[in-house]
Every structure is written in C-alpha cells, then in structure tokens.
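# Examination of the molecular architecture
Letter by letter, the chains look like this.
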Amino acid sequence: MEKNRLEAFSDGIIAIIITIMVLELKVPHNPTWQNYIDAYPLFVSYALSFVFVGLYWSTHHHLFHRARTVNNRILWFNMLSLFWLSLIPFTTATMGASAFADITVAFYAAVLALVTLSYVILVQQLCRLHGADSAFSKAYTGHSKSYVTIGLNTSAAIISLIGFPKIAFIAICLIALIWFVPNFRIENNLKEEE
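Below: a short report on this structure. This structure is a prediction, so every number in the text was calculated from the model and none was measured.

## Side note on the layout of surface pockets
Roughly 200 Å³ of internal volume is contained in the second largest pocket. Around the second largest pocket, the lining residues are E2, N4, R5, L6, F9, L75, N78 and M79. For the lining of the second largest pocket, the secondary structure elements donating two or more residues are α1 (4-23) and α4 (72-86). Residue contributions to the lining of the second largest pocket peak at 4 residues, all from α1. Classifying every residue of the lining of the second largest pocket by side-chain character gives 4 nonpolar, 2 polar and 2 charged.

What follows is the structure in structure tokens.
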C-alpha cells in the first residue's frame, strides 16, 4: 500500500490543528499593554502547543520518510495518534483561558502522554510490518525518549492535580526541550544506509 496518501492526510490534519489553535487567540477589544499582559496564559499555551504539534509533525515526517510501505493497520494506528493530537487545541484553549488551573494542566499533560503513547504504538506496528531485521526496525527499535516523555507527562498530570499546576507546566516545557535534542541513533542509521 502506498504511504503518500497517509502522509498527505496527516499533514492536512496537523495544519488544521494549528489553524484551530491560532483561531482561539482573540483580538483584544481595547489593545493596551495591560490587556496583552493579562492574556499571557493564552499566548504561552498557544506557543507551547505550537511547538509540540511541530515536534510531532517533524517526528511523523521522519518516521514515514523511512517507512517503505503501510497497511490498513498502520492507517488506523495513525488515525488513533491523530485523534489524540486533535485534542490539543481544546486542551490548549482551556489551559490558557483558565490561567493554568489544576485540572486543565493535568488534562493537557494527559493528552500529551496519550499522543506519545499512540506514536510509540504506531512505530511498533511499522517495525512489525517492516520486519525485525529491516533497516527501519533497526533505526526505530527502542523508544527511551518516548517512554521518558510518557512518564514525565503522566507525572506532570499528577503534580498538577495535587495542586502544583505551575510546576507541572514547567515540567511540560522541559519535555519539549528534550525533543529538540536529535536522535543520533536514527541519524547514524540513515548515514549507514546511504
């Protein structure tokens, strides 16, 4: 099965997700410095979510650049991953509008954990499809960064629920920084293939 339709569909959904997030930023009726300062939770929430959606798009792009084929199972696991990703605009809006209330930060962190978990499952299914000895599977075996991310997001959700949403939000920001560090194992595997 060709993978280009899956990639095009995923790119379209991700573009819509970013568009929905930016539409949640409302224009102040009285543009004063104080109004912009008061709206900082909305801007910070949007910026962080933009980074996470961008990181997801980048990893998804690299994943399917390496994949040689897909099947119906991959299509549906990709849909599951996109489902969790599509909740980010809602969690972003509620977190920003509430100025980082406990439950909204917890829900945001939980959704990010589910996005990552569904991505890990998608990668595992692609490895299974390509075979354990394939170059694809060798490049994508082991997901330590993903498992750490799931654990940190789950911890952030719990930290927020017990009354420390700002600390949880900082932890979520640190998770984004972790993903800016390139995965040298995948890059080295690519170089070996070329």
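## Observations concerning the packing of aromatic side chains
How two aromatic rings sit relative to each other is set out by the distance from centre to centre and by the angle between their planes. For the structure shown, the criterion picks out 7 aromatic pairs. Note on F100 and F169: the rings are 4.6 Å apart at their centroids and 50° apart in plane angle, and the pair reads as tilted. Separated by 69 residues along the polypeptide, F100 in the loop between α5 (88-97) and α6 (102-130) and F169 in helix α9 (residues 165-178) bring together distant segments of the chain. For the pair formed by F100 and F169, the shared burial category is buried. Feature note: the residues Y40, F100 and F169 constitute an aromatic cluster, connected by ring pairs. Directly above the ring of W179 sits K145, whose terminal nitrogen or CZ lies 5.0 Å from the centroid.

## Let's talk about empty space enclosed by the protein
Across all of its chains, the model carries 1 cavity of 30 Å³ or more by this definition. By volume, the largest cavity is sized at about 210 Å³. Contributing to the lining of the largest cavity are 15 residues, with F52, Y56, V115, T116 and W179 lying nearest its centre. Mapped onto the lining of the largest cavity, the elements with two or more residues apiece are α3 (40-66), α6 and α8 (144-161).

Analysis parameters
- Residues numbered from 1 in each chain as written.
- Predicted model: local features only at pLDDT ≥ 70, side-chain atom pairs only at ≥ 80, totals over all residues.
- Heavy atoms only, no water.
- 1 Å grid on protein atoms, 1.4 Å probe; cavity = no way out; pocket = protein on both sides within 12 Å on 5 of 7 lines; lining within 4 Å.
- Points joined across faces, edges and corners; volume = space filled by probe spheres on them.
- Helix = DSSP H or I, 4+ residues; strand = E, 2+ residues; numbered from the N terminus.
- Nonpolar A, V, L, I, M, F, W, Y, C, P; charged D, E, K, R; others polar.
- Phe/Tyr/Trp six-rings, centres within 6.5 Å; stacked < 30°, edge-to-face > 60°.
- Buried < 20%, exposed > 50% of the residue type's maximum accessible area, 1.4 Å probe, protein only.
- Lys NZ or Arg CZ within 6 Å of the ring centre and 35° of its normal.

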